[in-house]
Amino acid sequence: MSFFQLEATSGEARAGRIYTSHGVIETPIFMPVGTRASVKTLWQEDLERMNAQIILGNTYHLFLRPGHELVEKMGGLHKFMSWDRPILTDSGGYQVFSLSDINKLTEEGVTFQSHIDGKRHLITPEKSMEIQRALGSDIVMAFDECPKLPATKETLRTSMELTHRWAKRCKTVELKEHQHLFGIIQGGLHYDLRMESMQGLMELNFDGYALGGLSVGEKNEEMVEFCKKFVPAMPKEKPRYLMGVGKPLDVLNGIKSGLDMFDCVLPTRNARNGQFLTTHGPLNIKKARFLEDQLPPDPECSCQVCARYSRSYIRHLFNVGEYLSGQLISYHNIHFYLQMVKGAREAIFRGEFDEYYKTFYNNYTTNRWE
């Protein structure tokens, strides 16, 4: 059986299945981010209960602590964190460029200072593959350079060409038998650069293709329009992954353009700031209007948080600094994303994705809680 099976379409929106040794992933899918082998504040049981089919681990952070050698010694990332469903690991490239004090970017790789203790490290394409091989993730990302936007076309071309040369080197490293390698398409918002990048990667025959370097400084509407134009040209027989994006409507727009996989830290990060994501837009639990509100955070939500707890209670927890508030909001927000993509998948099978999109969009943008 092939790694990816396309099952249905509705317009450009796609529903499919990704087959891994740790389970089947039904697309379109949202991947909760488990940066340090943990989705912040949540138990693995929580993720299983809400049917998270795949989570994302962070190569950069796990390389620095506890170290990929230790993770491999402990039986690999799945066993180490007691998670027997699929895992995707990013290459570490984005974190190297965004979190670290970069000393030197060369053809060989990137020498950087750890944001933890200042120690210097060199990550090369080969090293990134070795780290991810040791972690034992199901989906491995090629090592790329991720320039911030806006940037000149010349800068983006130089970065894209370096990413392509690094992708070739990534392909030379033998991974474990169960692992699948994705290439990362770069080139900013320039259609011609992205096409050139994609065609070069297709010649290397990756198992899937990701769009990197978006939501890194460009306007949101520019990203949406670019995806609408570019994504339909991506290989139809391979999974399509939009990295690090994004807000609920960004994910929905990505599905509308034909993308299959998404991840973002927003559900848990915003939870720590007191924001629920609901059917009718974001709800800031800190507001005084919720002081005596006995309604659930989202009356239309089926999660166990909304089934049991009131806005008044969670507001109290947040205001007194109880950790439980972040846990409850994180649980709801991840559940919200997973239900959103599940609804999109079901609508694609019915051939009614446009109707689902319009209904979700209109409800979400009502901003009932403002």
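For the structure, see preceding data.
Residues numbered from 1 in each chain as written. Predicted model: local features only at pLDDT ≥ 70, side-chain atom pairs only at ≥ 80, totals over all residues. Heavy atoms only, no water.

(A) Just a positive patch on the surface, in detail. The grouping of Arg36, Lys40, Arg65, Arg269 and Arg272 at the surface amounts to a positive patch. One can find Arg272 in the loop between helix 11 (266-271) and strand 16 (275-278). Taking the relative accessible area as the measure of exposure, Arg272 reaches 38% and is therefore partly exposed. (Patch = residues over 30% accessible without salt bridge, like charges linked within 9 Å, V, L, I, M, F, W, Y side chains within 5 Å. Areas by Shrake-Rupley, 256 points an atom, 1.4 Å probe, with all protein chains shown as cover. Salt bridge = Lys/Arg side-chain N within 4 Å of Asp/Glu carboxyl O. Lys, Arg positive; Asp, Glu negative; His and termini not counted. Charge placed at Lys NZ, Arg CZ, Asp CG, Glu CD. Helix = DSSP H or I, 4+ residues; strand = E, 2+ residues; numbered from the N terminus. Buried < 20%, exposed > 50% of the residue type's maximum accessible area, 1.4 Å probe, protein only.)

(B) Local environment of the state of the cysteines. Here the structure, examined in full by the defined rule, presents 0 disulfides. The cysteine Cys301 is free of any disulfide, with Cys303 supplying the nearest cysteine sulfur at 3.6 Å. (Disulfide = S-S within 2.5 Å.)

(C) Quick peek at the sheet that holds strand 1 (residues 4-10). Spatially, 1-2-3 is the arrangement adopted by the 3 strands of the open sheet, whose pairing is antiparallel. In this open sheet, the two edge strands, each paired with only one partner strand, are strand 1 and strand 3 (23-27). With direction set aside, neighbouring strand axes in the sheet form an average angle of 10 degrees. In the sheet, strand 1 pairs with strand 2 (residues 13-20) via 6 bridges, with the strands oriented antiparallel. Paired with Thr9 across the two strands is Arg14, which belongs to strand 2. Strands in contact with helix 14 (residues 323-350) are strand 1, strand 2 and strand 3; relative to strand 2, the strand with the most contacts, it is inclined by about 115 degrees. (Pairing = 2+ DSSP bridges. Axes fitted to C-alpha atoms, helices over the stretch in contact; angles between N-to-C directions. Contact = heavy atoms within 4.5 Å.)

Distances and angles like these do not, on their own, reveal function.
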